[in-house]
Amino acid sequence: MTKVVKFGGSSLADAKQFKKVIDIIKADSDRRYIIPSAPGKRFDEDTKVTDMFIKLYELASKGKNLDSQISKIKERYNEIIEGLKIKNFSLDEEFNAIKTELEYNPTCDYAASRGEYLNGLIMAKYLGYEFIDPKDIIFFNEERGLNSYKTEKKVSERLKGVKHAVIPGFYGSDKEGQVMTFSRGGSDITGSIIAGAIRADVYENWTDVSGFLVADPRIVDDPVGIDMITYRELRELSYMGASVLHEDAIFPVRSAGIPINIRNTNSPKDEGTWIVESTCHKPEYVITGIAGKKGFCAVSISKALMNAEIGFGQKVLQAFGDNDISFEHMPSGIDTMTVVVHEDEFVAKEQKVVSAIHRLCDPDSVEIESDLALIAVVGRGMKSTRGTAGRIFAALSHANVNVRMIDQGSSELNIIIGVENEDFDKAIKSIYDIFVTTKL
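Procedures and definitions
Residues numbered from 1 in each chain as written. Predicted model: local features only at pLDDT ≥ 70, side-chain atom pairs only at ≥ 80, totals over all residues. Heavy atoms only, no water. Helix = DSSP H or I, 4+ residues; strand = E, 2+ residues; numbered from the N terminus. Expected span 1.5 Å × (residues − 1). Buried < 20%, exposed > 50% of the residue type's maximum accessible area, 1.4 Å probe, protein only. Arc of directions from axis to C-beta. Pairing = 2+ DSSP bridges. Axes fitted to C-alpha atoms, helices over the stretch in contact; angles between N-to-C directions. Left-handed = near helix turned anticlockwise from the far one by under 90°. Contact = heavy atoms within 4.5 Å. Nonpolar A, V, L, I, M, F, W, Y, C, P; charged D, E, K, R; others polar. Core = buried A, V, L, I, M, F, W, Y, C linked by side-chain atoms within 4.5 Å. Phe/Tyr/Trp six-rings, centres within 6.5 Å; stacked < 30°, edge-to-face > 60°. Lys NZ or Arg CZ within 6 Å of the ring centre and 35° of its normal. 1 Å grid on protein atoms, 1.4 Å probe; cavity = no way out; pocket = protein on both sides within 12 Å on 5 of 7 lines; lining within 4 Å. Points joined across faces, edges and corners; volume = space filled by probe spheres on them. Parallel < 35°, antiparallel > 145°, perpendicular 65-115°, else oblique. Salt bridge = Lys/Arg side-chain N within 4 Å of Asp/Glu carboxyl O.

1. Here we look at helix α4 (residues 92-104)
Part 1 of the reasoning: Across its 13 residues, α4 extends 19 Å between first and last C-alpha, which sits within 8% of the 18 Å expected from 1.5 Å per residue.
Part 2 of the reasoning: Every buried residue of α4 is listed here: F95, I98 and L102. Considered in projection along α4, the buried side chains sweep an arc of 60° and stay on one side of the axis. Exposed and facing more than 90 degrees away from the buried side of α4 are E93 and Y104.

So this is what it looks like as C-alpha cells:
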C-alpha cells in the first residue's frame, strides 16, 4: 500500500510537534510521500511563518532592510533544528539566497512559499528522505489554474522508483518557471495532486482536529464527529463554511477514487473522518452535517405568466452577470423567481442590477430582502428517510425561527434554508438537537 501524508502548520509549529509527526510517519511504512506545511502558530498570540514571510516581502517591495525580519524567521527554524538535534545542518545558505532573491526580484508568491520549502528541507534531512521541490513538478497555467496534464505526467515520472520523498506543499511554478502558490491552505491541494498522480491507495491529511464535526463547535457545544462522508456531501458542507480541508483538494483524488483520511496529529489513535466517493456504510444519524453562512440577500422577481416566457431566467441572470455578480441559489415558483447573492458583492451595484432586470425582463415587481443567512443540512441518509424536511421545519418552528427561503436539490442530498442573520446560531442548534441530541 502507498500513502501520501500531508501535515498542516499546527502539526509542524515547533520541535515538539515535529517529533509527533516523525513518530506518525515511522509508525506506518506505507507513509511514503510526505507533504509538509510551513510552521503554524505555537500559541494563540503567535505568528504563522507564512505571515512572517509575507511581511518580509512587503519590506522588500518597499526597498527596506530585511535583516531584522530574516533573523526572526531564522530563529523559528533554528529552534526546530536544535530541538530535533539535527547535526551538521544549517539553513544559512538558504536564507542568504532568499534575501538576495527578494532584494532583486521581490514577489509575494516566492516569499510566501519559503515556509514550506524550508520546513521540507528540515524534514527530509531528519528522515533521510529525498527532497523534491514542487517547483519542478507542479505547474500552473496563465490563469493561475493548475496545468493538470503536465503536472500529473511530471509527478508520476519524477516519483517513479523513489521509495520515500518529502515534497513541500502550497506552491509550484508558472510557465516562466517562477514560483507560484495556491490559495492559503493550498498544501492540502499539493497532497491531493501527488496522491492522484501516483494513484496512491490513501491520502492522509493530518491536522489539529480529529476530522469533520456534524456542526460548528463555536455554535454547538461538543458536536459529534463524522466517521465517513462522501465527496459530494463534503462539497456541500465546504461550500457553506466547513473548513477542515481545502475544498479544491477533493478533485485530484476524486477522479482516481482515492479516499482521504482526516487525522489528528495530537491524537493519532483516533480514526478521524474518511472521505470517499461512495459507500454502503450507514450513517449513525439521518444527517451528515450542518453548515452555513451569513450575509446574503434575496432578489425576488415577479411577473404574470413568467413560466410561459422563453428565456426569462436567462435574462434575469444576465442582469447579474453583466454586473459581475454570481448567484448562490435560485428558488422559483410559477410567477416568481428569487436570486440569492452575497450581500457585500451586491449592495454597491443593487440599483444597476434592478434597472437591468427591468430593462431586460419587464417584470411586474422586484423586491430585495437583506440580512439573510443560509444553512445547508446535508446527508446521504436523507434520501431514504421519510419526513426529514418536516422534522427540520418542526425544529425551527419550536425554536421560533422564521424560515424565509427553502431550496432542495433534485439529488435529495441537501436542503438549503434561509433564515434571519440573527437566528443563525439558534437555527443550527435546533436542527442539531432534533437529529443528533434527541435523535428523533
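Here the narrative resumes.
2. A short note on the pairing of strand β13 (residues 365-378)
Part 1 of the reasoning: For strand β11 (residues 289-302) and β13, the ladder comprises eleven bridges, and the chain directions are antiparallel. Each bridged residue has a counterpart across the sheet, and for G292 the counterpart in β13 is I375.
Part 2 of the reasoning: Pairing geometry for β13 and strand β15 (residues 414-420), over seven bridges, is antiparallel. Each residue of the ladder has a partner; that of I375, found in β15, is I417.

3. Some points on unusual backbone geometry
Part 1 of the reasoning: The phi dihedral of R199 falls on the positive side, at around 55°, and the residue is not glycine.
Part 2 of the reasoning: The topology assignment puts R199 in the loop between α7 (187-198) and β7 (202-207).
Part 3 of the reasoning: Positive phi is not limited to glycine here, since D362 has a value of about 50°.
Part 4 of the reasoning: Tracing the chain through its elements places D362 in the loop between α12 (350-361) and β13.

4. What about the sheet that holds strand β1 (residues 3-7)?
Part 1 of the reasoning: Strand order across the open sheet formed by eight strands is β3-β4-β2-β1-β7-β9-β10-β8, with mixed pairing between neighbours. In this open sheet, the two edge strands, each paired with only one partner strand, are β3 (130-131) and β8 (228-230).
Part 2 of the reasoning: Taken together, the two bridges between strand β2 (residues 31-36) and strand β4 (residues 165-166) define a ladder with parallel strand orientation. Bridge pairing in β4 links I34 to V166.

5. Some thoughts on the environment of T151
Part 1 of the reasoning: Along the polypeptide, T151 turns up in helix α6 (residues 148-159).
Part 2 of the reasoning: Along the primary structure T151 and I194 are separated by 43 residues, whereas in three dimensions their C-alpha atoms are 9.1 Å apart.

6. A word on the packing of helix α2 (residues 49-61) against helix α5 (residues 108-127)
Part 1 of the reasoning: Packing of α2 against α5 brings their axes to within 8 Å, and their N-to-C directions diverge by 145°. Our pair here, α2 against α5, has a crossing hand that is right-handed. For the pair formed by α2 and α5, the contact residues are V49, T50, F53, I54 and Y57 on the first element and C108, A111, A112, R114, G115, E116 and L118 on the second.
Part 2 of the reasoning: Considering only residue class, the contact of α2 with α5 consists of eight nonpolar, two polar and two charged.

7. Overview of the sheet that holds strand β12 (residues 336-342)
Part 1 of the reasoning: With antiparallel pairing, the five strands of this open sheet are ordered in space as β12-β11-β13-β15-β14. Bordering the open sheet on either side are β12 and β14 (403-408), each of which pairs with just one other strand. Strand-to-strand twist in this sheet, taken as the mean axis angle between neighbours without regard to direction, amounts to 35°.
Part 2 of the reasoning: Bridge analysis of β14 against β15 gives five bridges, and the strand direction is antiparallel. Pairing of M405 across the sheet is with G418, part of β15.
Part 3 of the reasoning: Packed on one face of the sheet, α12 meets β11 and β13 and runs near 110° to β13.

8. Notes on the nonpolar core
Part 1 of the reasoning: Core analysis: the biggest nonpolar cluster contains 78 residues, and L159, I275, I375 and I431 have the highest contact counts within it.
Part 2 of the reasoning: The greatest single-element share of this core, amounting to eight residues, is contributed by helix α14 (residues 424-437).
Part 3 of the reasoning: Setting aside residues up to four positions removed in sequence, I275 forms contacts with F212, I229, T230, Y231, L234, L245, P259, I260 and I262.
Part 4 of the reasoning: One finds I73, I80, F95 and I98 within the second-largest nonpolar core, a separate group that totals 41 residues.

9. Observations regarding the packing of aromatic side chains
Part 1 of the reasoning: Per the stated rule, a full pass over the model turns up five aromatic pairs.
Part 2 of the reasoning: Considering the side-chain rings of Y117 and F131, the 5.6 Å spacing of their centres and the 80° angle between planes classify their relative orientation as edge-to-face. Residue Y117 is located in helix α5, and its partner F131 is located in strand β3; the two are separated by 14 residues in the primary sequence.
Part 3 of the reasoning: For Y117, a relative accessible area of 12% corresponds to the buried category.
Part 4 of the reasoning: R114 extends its terminal NZ or CZ atom over the ring of Y171, reaching a point 5.3 Å from the ring centre.

10. Focus on the layout of surface pockets
Part 1 of the reasoning: Computed from the structure, the second largest pocket encloses a volume of approximately 240 Å³.
Part 2 of the reasoning: If you trace the second largest pocket, you find 16 residues lining it, with T230, T279, R380, G381 and L413 closest to the centre.
Part 3 of the reasoning: Partitioning the lining of the second largest pocket into residue classes produces three nonpolar, seven polar and six charged.

11. A few points about the packing of helix α13 (residues 388-398) against α14
Part 1 of the reasoning: It is at 8 Å that the axes of α13 and α14 come closest, and there the two elements cross at 130°. With respect to each other, α13 and α14 are oriented oblique. Of the two possible hands of crossing, α13 and α14 adopt the one that is right-handed. Residues T388, R391, I392, A395 and L396 of α13 pack against A427, S430, I431, I434 and F435 of α14.

12. Topic: the pattern of salt bridges
Part 1 of the reasoning: Following the criterion strictly, the structure yields 23 salt bridges and no others.
Part 2 of the reasoning: Here K3 and D28 are joined by a salt bridge, their closest N and O atoms 2.7 Å apart. Here K3 is found in strand β1, whereas its partner D28 is found in the loop between α1 (15-26) and β2, with 25 residues between them in sequence.
Part 3 of the reasoning: The exposure class assigned to K3 is buried, which follows from its relative accessible area of 11%.
Part 4 of the reasoning: Several salt bridges converge on common partners, so that one network encompasses K3, D28, R31, E204 and R263.

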